[in-house]
Amino acid sequence: MNLSDSKKKLALAGVVCGLVAACLAYFGNPANMAFCIACFIRDTAGAFGMHQAEVVQYARPEIIGLVLGAFIISVATKEYRSTAGSSPMIRFILGMVIMIGALVFLGCPLRMVIRMSAGDLNAWVALIGFVLGVATGVLALKKGFSLGRAYVTNKESGYVLPAIVVGILILSLATSLLKESQTGPGSMHAPVIIALVGGLIFGAFAQKSRMCFAGSIRDVILMKNFDLFSVIAGLFVVMLIFNIATGRFVLGFNTPGIIAHSDHLWNILGMYVVGFAAVLAGGCPLRQLILAGQGSSDAAVTVAGMFVGAALCHNLGLAASGTALNPETKELVAGAVPLNGKVACVICIVVCFIIAFTNKRKETK
Amino acid sequence: MKEVDARGLSCPEPIMLTAEALKGAQGAVKVLVTEPHQKMNVEKYAKDHGKKTHSEEKDGYFEVVIE
């Protein structure tokens, strides 16, 4: 099965993933979130008590499904390769940086597209930052940026992350060890089996189509290649139809209940960080999970960085708050990025520039 | 024959190096990559630029010859 050899097949893969996201939203995932890698990693980190934000703690089966879906399909189609050794600690830092940027904006690139399809104009503003971030990463690539080679390693190294997510699934189903939000976004979720199957399908199609949000914009800027962009377009169209058909399409900035804020500059800068760091890491948060599933220990280290980044965001007060209605006064309380988050975002931009312009391919040094 | 050793490099480096090599190449170009999707990307890039390819799986990597 090859989904990446024509734009039509790629768009079809996007449509399938869009349908999965739409189903998850229909069956209970938070409105306008449906499927967000950053949010779901943050929730899973919370389930293990890595942070204490009680409203965002839940071991999301979607994350488990994504990794396992990519693992199973890559083994079945002989694309599984256990590799490691391409600057793992820099990738760990990039994982942290991606997560901090995502939680300043309140979503990964996948959720940005889902929010865009629901009429959230904040996400369209953030897209400006994301494109600029990807463009900066492309500039670094043109200047010879590289994190160096990964090498084929013991098969068992690539099995570690899939084994860990199976462990998370068992713990969440068979024990009461993991924390689970009683209120807030963490308490809103589709039934476990639907979320798990949705994750498996999404993971398999994302692996076969090479779906990557940063990669799609990167390829357009770098090579005027719209292949990966067609996957995103397919997903966007399905979610747009779903949102309009179910009355979830609300055009505007201050939309309470969808976990978003209208701090425009920080929406732009948050996604600038995500776009920039994702190009340097070789893929968006979704792609990192997929690559980790198909055997890349380097991508698994990036995922570990995202978990730590998520914990830091809530432990150090970096994450933005969403616009919400005060339940008592019914007044609109605007969401915002705290000062700590703004400082962290600027530090992340500096870190991206240092990484981008100090790591060069050997022959271009 | 010009050789591009892109084994173990992250996307889009294999394609960037292939494009660079094809620019100044007189004859065939041999590209080495690790991941199956990188092999497909290189083949597709060559096809889009009117070139023929011949690919072979070696020990832990792929060899794509672009002519």
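Residues numbered from 1 in each chain as written. Chains lettered and ligands numbered in written order. Predicted model: local features only at pLDDT ≥ 70, side-chain atom pairs only at ≥ 80, totals over all residues.

A. Seen up close, the environment of Val-65 of chain B. Residue and element names in this part refer to chain B. Checked against the element boundaries, Val-65 lands in strand 4 (residues 62-66). Judged by the 17 C-beta atoms lying within 10 Å of it, Val-65 is partly exposed. C-alpha of Val-65 to C-alpha of Asn-41: the two residues are 24 residues apart in sequence and 13 Å apart in space. The residues contacting Val-65, other than those within four sequence positions of it, are Ala-28, Lys-30, Thr-53 and His-54. (Helix = DSSP H or I, 4+ residues; strand = E, 2+ residues; numbered from the N terminus. Buried ≥ 20, exposed ≤ 12 C-beta atoms within 10 Å, placed from the backbone. Contact = placed C-beta atoms within 7 Å.)

B. Fine view of the confidence of the model for chain A. Looking at chain A, pLDDT values average 93 and 98% of them are 70 or higher. Here strand 3 (residues 324-325) of chain A is the element of chain A with the lowest mean pLDDT, 78, and helix 4 (residues 88-105) of chain A is the one with the highest, 98. (pLDDT = per-residue confidence, 0-100.)

C. Inspection of the interface of chain B and chain A at higher detail. With 14 residues of chain B in contact, the opposing surface of chain A contributes 19 residues. The set of elements that each furnish at least two residues to the side of chain B that touches chain A consists of helix 1 (13-23) and helix 2 (36-48) of chain B. If one sorts the elements of the side of chain B that touches chain A by residue count, helix 2 of chain B sits on top with 3 residues. When the residues that make up the side of chain B that touches chain A are grouped by side-chain class, the tally is 6 nonpolar, 5 polar and 3 charged. (Nonpolar A, V, L, I, M, F, W, Y, C, P; charged D, E, K, R; others polar.)

D. Structural view of unusual backbone geometry. Between Cys-11 of chain B and the following residue, Pro-12 of chain B, the backbone shows a cis peptide bond with an omega angle of 5 degrees. In this fold, Pro-12 of chain B is placed in the loop between strand 1 (2-5) and helix 1. Even without a glycine there, the phi angle at Leu-106 of chain A is positive, about 85 degrees. Here Leu-106 of chain A lies in the loop between helix 4 and helix 5 (109-117). By the C-beta count within 10 Å, which is 31 here, Leu-106 of chain A ends up buried.

E. Layout of the sheet that holds strand 3 (residues 53-57) of chain B. All names here are of chain B. Sheet architecture is open: 4 strands sit in the order 1-2-4-3, paired in mixed fashion. Looking at which strands have only one partner, the edges of the open sheet turn out to be strand 1 and strand 3. Pairs of neighbouring strands in the sheet enclose a mean axial angle of 15 degrees, with direction left out of account. Relative to strand 2 (residues 29-33), strand 1 is paired through 4 bridges, and the arrangement is parallel. By the bridge assignment, Lys-2 is partnered in strand 2 with Val-29. (Pairing = 2+ DSSP bridges. Axes fitted to C-alpha atoms, helices over the stretch in contact; angles between N-to-C directions.)

F. Summary view of the UniProt feature "transmembrane region" (unreviewed entry) in chain A. The feature "transmembrane region" (unreviewed entry), as given by UniProt, occupies residues 89-112, 124-145, 157-176, 188-206, 226-245, 265-286, 298-319 and 339-358 of chain A in the numbering adopted here. Its end C-alpha atoms 26 Å apart, residues 298-319 of chain A is made of 82% helix and 0% strand. (UniProt positions renumbered as here; feature names shortened; annotations may be inferred.)

G. Broad picture of helix 11 (residues 264-281) of chain A. Residues and elements named next belong to chain A. With 18 residues, helix 11 should cover 26 Å at 1.5 Å per step; its first-to-last C-alpha distance of 26 Å lies within 8% of that length. Summarising burial for helix 11: 16 of the 18 residues are buried, a large majority. In the stretch just after helix 11, Gly-282 is the one whose phi turns positive, near 85 degrees. (Expected span 1.5 Å × (residues − 1).)

H. Representation of the pairing of strand 2 of chain B within the structure. Residue and element names in this part refer to chain B. Here strand 2 shows a clear split, with Val-29, Val-31 and Val-33 buried on one side and none of Lys-30 and Leu-32 buried on the other. Handedness of the strand 1-helix 1-strand 2 crossover: right-handed. Pairing of strand 2 with strand 4, which is carried by 5 bridges, proceeds in the antiparallel orientation. Counted as the bridge partner of Leu-32 is Glu-63 from strand 4. (Right-handed = clockwise from strand over helix to strand, strands pointing away.)

I. Structural context of the packing of helix 12 (residues 285-293) of chain A against helix 13 (residues 297-315) of chain A. Residues and elements named next belong to chain A. Following both chains from N to C, one finds helix 12 and helix 13 inclined at 130 degrees, their axes separated by 8 Å at the closest point. With respect to helix 13, the axis of helix 12 lies oblique. For the pair helix 12 and helix 13, the sense of crossing is left-handed. Of the residues in helix 13, those touching helix 12 at Pro-285, Gln-288, Leu-289, Leu-291 and Ala-292 are Ala-299, Ala-300, Thr-302, Val-303 and Met-306. Across the contact of helix 12 with helix 13, the residue classes tally to 8 nonpolar, 2 polar and no charged. (Parallel < 35°, antiparallel > 145°, perpendicular 65-115°, else oblique. Left-handed = near helix turned anticlockwise from the far one by under 90°.)

J. Here's a closer look at the nonpolar core. Counting 143 residues, the largest nonpolar core has Val-67, Ile-100, Leu-103, Val-273, Ala-277 and Leu-280 of chain A as the members making the most contacts within it. With residues near it in sequence (within four places) discarded, Leu-103 of chain A still touches Ala-38, Arg-42, Ala-310, Cys-313, Leu-318, Ala-319 and Ala-320 of chain A. (Core = buried A, V, L, I, M, F, W, Y, C linked by C-beta atoms within 7 Å.)

K. Spotlight on the UniProt feature "domain: UPF0033" (unreviewed entry) in chain B. UniProt records the feature "domain: UPF0033" (unreviewed entry) at residues 2-67 of chain B, using the numbering of this structure. Segment residues 2-67 of chain B splits into 36% helix and 29% strand. End C-alpha atoms: 11 Å apart.

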